[in-house]
Amino acid sequence: MTTVLTVSAPAPARRSRLRWLLAAGWVAHVVLRLWLYRYHAGPVANPDETGYLLAARWLAGGPGADLSGSTFYQGGYPLLLVPIFRLTSDPVLAYRLVVVAGSMAAAGAYPLAYLLLRRFGVGRRVALVTAFVAGLSPALLVFPGLALADAILPALVLAWLLAVHDLVAYGSARAGAAAGALSAFAMAAHLRGTVLLAVCVLVAVAAMSSRREPRVRLRRAVPSSRPWEALYRRVRAMAYRRRAALVATAVAGVVAAAGQALNGPLAAALYPGGTRDLSGLLLTRLTSADGQAWALSGAAGQLWYLVAGTWGLAGVGLAGAAALLVRRSAPYPHRVLAAALLLTTLGIAYASSAALPDEHRVGNYVYGRYLACVAVAWTLAGLVALLKGGRRAVVRLALAAAALTAATGGVAAWYAGDRLRRYHFIAFDFPEVIFLTGDGDSLDLLSASVPALIMLSCLVGVAFVTTGRGRILVVGVLALIDMAFAAGQAPARPPGADWLPDPPLGRVAVDRRVRWNLWVPLAYRVSWTEIELYDGGPPDGACTAVVPYGTAPPPGWAATGRGGAGTGWTSWSNERC
């Protein structure tokens, strides 16, 4: 007797409708972000934004700048912006197009989230709604309107997780190539990507050594009448997975080498005096008790922010992933994905904290930006747990999330002490916390934890009292929370008057005594030439000099009267220009 295994495909009409729904949802997400950032016309998060923009402009053949001594802004993300600077040299138009590109990338998290949810067995309709609401997560709303690598990293992480799943589950060589390329590109874009690449290599090694049989997708009927044929298929499937793992490793190596080849000339051009070297600080942190205390407490602060900034869902997801790892009956690809995401999260939190210098700001001890790249993935994990878990499991995961919030917040508060009150609070670092507390001037961990846990209680409460299709109400509650956050992000009116210099065409020189937060964004505004930093008198041939306010011009130069005491600068014009 012959057994025939068949794999049914969805009807063409259903596939077409699904594509249209995903496309419409993507467009809706893009439009929302463009509306939120409709007034953005230039970099505001300096020097980070300007560093990336100058790198992109230089890669496109335009003028650069001397950012020596600053943090190195790697070339992976600026490489994606090169077509924009090929299209226009106008700094305002270029920045607006960067916002459009960031919005499109962030909106791409919607279809990727849908595919991940389907991999975890969530029904088609529920996955569409859940993925759309997950696309409203703060991590996908805060950064797309800025010229930062953070605008693309959350979607990149989702795509990487999808590729890792298919590598392990199906032995797909294409998925292996995608996983390797995405992790290596992440490393070329930001140092956090180094952790992603390391985890990808670990997954590839595990895939090569695992004896578990992957599920091979069949495109036609396959007869199975003899035992040796089943053994042959099993061996062939495992060979496919090993091949996919080798492809992932090879592609990761090639893309990583290309990233290094890109970053080398970029560093030489924009950082001729060298970049800010944190290797010595990192070594001290890793090899001393005080350094370990700093790194571990900072990692705890980042984990606290991850949980609080996702309204507790990341805590549910973290607890669920830990439980999945120890449950041997769980699907092997799901366990690998949980391990990969956990290692990536903990690795980024620890390594970024260890390398962070003490800048006397609250964000040194509690910070959300570095783990924002995994926040959406953990939000999805938390939602899957609430949608599919039993009542007792949901309650246990919620209690674990509350305990994690208390433990990580307690460690961060204990180590930081009164520095959370004395040090500089930068509102840009705490958008979710400000939403939770309504306080834009300080951080109180308890005041932020309580509303986050109340929101989590609402989500868990709905999951507890509903069953089956009624669980979709959990997603509805999350949508209300995220929409309230988005409303808070919406600009009430255009920003105030511009305070930066607006020099005419010609060479522009800047006195080194001028504050960095003026000349760094000015380096991007001056799109026709590279600004020249000088000591003493302005260089010969310069047409405009920007100097500290109150400085008298030398012979041959005339004061323009621009600037003022409030802005801290004024400018001179060369009479020979």
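Up top is the structure.
A brief structural summary. These numbers were taken from a predicted model, which means no experiment stands behind them.

Rules of the game
Residues numbered from 1 in each chain as written. Predicted model: local features only at pLDDT ≥ 70, side-chain atom pairs only at ≥ 80, totals over all residues. Heavy atoms only, no water. Helix = DSSP H or I, 4+ residues; strand = E, 2+ residues; numbered from the N terminus. Rg over C-alpha atoms; globule rule 2.2 N^0.38 Å. Buried < 20%, exposed > 50% of the residue type's maximum accessible area, 1.4 Å probe, protein only. Contact = heavy atoms within 4.5 Å. Areas by Shrake-Rupley, 256 points an atom, 1.4 Å probe, with all protein chains shown as cover. Axes fitted to C-alpha atoms, helices over the stretch in contact; angles between N-to-C directions. Parallel < 35°, antiparallel > 145°, perpendicular 65-115°, else oblique. Left-handed = near helix turned anticlockwise from the far one by under 90°. Nonpolar A, V, L, I, M, F, W, Y, C, P; charged D, E, K, R; others polar. Pairing = 2+ DSSP bridges. Core = buried A, V, L, I, M, F, W, Y, C linked by side-chain atoms within 4.5 Å. Phe/Tyr/Trp six-rings, centres within 6.5 Å; stacked < 30°, edge-to-face > 60°. Lys NZ or Arg CZ within 6 Å of the ring centre and 35° of its normal. Salt bridge = Lys/Arg side-chain N within 4 Å of Asp/Glu carboxyl O. Polar contact = N/O pair within 3.5 Å; in protein donor to acceptor, adjacent residues only side chain to side chain. Expected span 1.5 Å × (residues − 1). Disulfide = S-S within 2.5 Å.

**A look at the overall build of the protein**
Scanning the protein from N- to C-terminus turns up 22 helices and seven strands. Expected size for 577 residues packed as a compact globule is a radius of gyration near 25 Å; at 26 Å, the protein falls within 12% of this value. For the protein, buried positions account for 51% of its 577 residues. Considering only residue pairs separated by 6 or more positions, the protein has 74% of its internal contacts joining residues 24 or more positions apart. Per element, the accessible surface of the protein, about 25,500 Å² overall, is 63% carbon and sulfur.

**Focus on the packing of helix α9 (residues 173–189) against helix α10 (residues 192–209)**
For the pair α9 and α10, the least separation of the axes is 6 Å and the interaxial angle reads 155 degrees. The angle between α9 and α10 falls in the class roughly antiparallel. As for the relative orientation of α9 and α10, their crossing is left-handed in sense. Residues Ala179, Gly180, Ser183, Ala184, Ala186 and Met187 of α9 pack against Gly193, Thr194, Leu196, Leu197 and Cys200 of α10. Split into classes, the residues belonging to the contact of α9 with α10 amount to seven nonpolar, four polar and no charged.

**Things to note about the pairing of strand β5 (residues 544–548)**
As a general feature of sheets, a regular strand has side chains that alternate between the two faces. Of all five residues in β5, five are buried; the element is thus mostly enclosed. Across three bridges, the pairing between strand β3 (residues 508–511) and β5 is parallel. Note that in β5 the partner of Val510 across the bridge is Val546.

**Some thoughts on the nonpolar core**
The biggest cluster of nonpolar side chains holds 166 residues, and the ones touching the most others in it are Tyr77, Leu158, Trp160, Val366, Trp378, Leu386 and Leu443. Once residues lying within four places of it in the same chain are set aside, the contact partners of Val366 are Gly301, Trp304, Tyr305, Ala412, Leu420, Phe430, Leu443 and Leu445. Judged by nonpolar contacts, the second largest core, of seven residues, contains Ala509, Tyr534, Val547 and Trp572.

**Structural notes on the packing of aromatic side chains**
If you walk through the whole model with that rule in mind, you get 17 aromatic pairs. Seen in terms of ring centroids, Trp311 and Phe485 are 6.1 Å apart; in terms of plane orientation they differ by 55 degrees. Their pairing is tilted. Here the residue Trp311 occupies a position in the loop between α13 (289–308) and α14 (313–326), and Phe485 occupies one in helix α21 (residues 472–489), the gap between them amounting to 174 residues. Taken individually, Trp311 and Phe485 each receive the classification buried, so the pair is uniform in this respect. Pairing Tyr365 with Tyr415 gives two aromatic rings, centres 6.3 Å apart and planes at 45 degrees, and the pair type is tilted. Within this pair, whereas Tyr365 is found in the loop between α15 (332–354) and α16 (372–388), its partner Tyr415 is found in helix α17 (residues 391–416), the two being separated by 50 residues in sequence. An aromatic cluster of three or more residues is present, and its members are Trp294, Tyr365, Tyr415 and Tyr423. One cation-aromatic arrangement involves Arg361 over Tyr367; the distance from NZ or CZ to the ring centre is 5.1 Å. We note Arg391 situated over the ring of Phe464; from NZ or CZ to the ring centre the distance is 5.5 Å.

**So, the pattern of salt bridges**
Counting across every chain of the model gives 11 salt bridges. Between Arg192 and Asp150 there is a salt bridge whose closest N-O contact spans 2.9 Å. Taken as a pair, Arg192 in helix α10 and Asp150 in the loop between α7 (139–142) and α8 (153–170) lie far apart in primary sequence, 42 residues in all. For Arg192, a relative accessible area of 6% corresponds to the buried category. In this structure, the salt-bridge partner of Glu359 is Arg361, at a minimum N-O distance of 2.7 Å. In this structure, a network of salt bridges that share partners links the residues Asp48, Asp150, Arg192 and Arg369.

**Some remarks on the pairing of strand β7 (residues 569–574)**
Counting buried positions over the six residues of β7 gives five, a clear majority of the element. In terms of strand pairing, β5 meets β7 through five bridges, oriented antiparallel. Residue pairing for β7: Pro548 is matched across the bridge by Trp569. Examined bridge by bridge, strand β6 (residues 557–559) and β7 share three bridges and lie antiparallel to one another.

**Here we look at the side chain of Thr88**
Looking at the element boundaries, Thr88 is found in the loop between α3 (76–87) and α4 (91–107). Among the polar contacts made by the side chain of Thr88, one reaches the main-chain amide nitrogen of Asp90 at a distance of 3.1 Å. The residues contacting Thr88, other than those within four sequence positions of it, are Leu93, Ala94 and Leu97.

**Notes on α8**
In a regular helix each residue adds 1.5 Å, so 18 residues correspond to 26 Å; α8 covers 25 Å between its end C-alpha atoms and thus fits that length. Within α8, 18 of the 18 residues are buried, which leaves it mostly tucked inside the rest of the structure. Looking at the residues trailing α8, positive phi occurs at Gly171, about 65 degrees.

**Quick notes on the state of the cysteines**
Scanning the entire structure with this criterion turns up one disulfide. There is a disulfide in this structure between Cys543 and Cys577, and the S-S distance comes to 2.2 Å. On the sign convention where negative means left-handed, the S-S torsion of about -85 degrees between Cys543 and Cys577 marks this disulfide as left-handed. With Cys543 in the loop between β4 (532–534) and β5 and Cys577 in the segment after β7, this residue pair connects regions lying 34 residues apart in the sequence. Under the relative-accessibility criterion, Cys543 is labelled buried at 16%. Accessibility expressed as a relative area gives 55% for Cys577, which makes it exposed.

**Side note on the side chain of Asp511**
Relative to the elements of secondary structure, Asp511 occurs in strand β3. Of the polar contacts made by the side chain of Asp511, one reaches the backbone nitrogen of Arg513; its length is 2.8 Å. Excluding anything up to four places from it in sequence, Asp511 contacts Tyr534, Gly536, Val546, Val547 and Pro548.

**Concerning the environment of Cys543**
Spatially, the C-alpha atoms of Cys543 and Ser573 are 5.9 Å apart, while their sequence positions differ by 30 residues. Aside from chain neighbours lying at most four places away, what touches Cys543 is Gly506, Arg507, Trp557, Trp572, Ser573, Asn574 and Cys577.

**Quick notes on the packing of α16 against α21**
Here α16 crosses α21 at 145 degrees, and the two axes come no closer than 9 Å. By crossing handedness, the relation of α16 to α21 is classed as right-handed. Residues Thr379, Leu383, Leu386 and Leu387 of α16 touch α21, and the partners they reach there are Ile472, Val474, Val475 and Leu478. Across the contact of α16 with α21, the residue classes break down as seven nonpolar, one polar and no charged.

**Points about the sheet that holds β6**
Taken in spatial order, the five strands make up an open sheet running β4-β3-β5-β7-β6, and their pairing is mixed. The sheet terminates laterally at β4 and β6, the two strands that pair on one side only. Here the average twist between neighbouring strands, direction ignored, is 30 degrees. Relative to β4, β3 runs parallel, the two being bridged by three bridges. Residue pairing for β4: Ala509 is matched across the bridge by Glu532.

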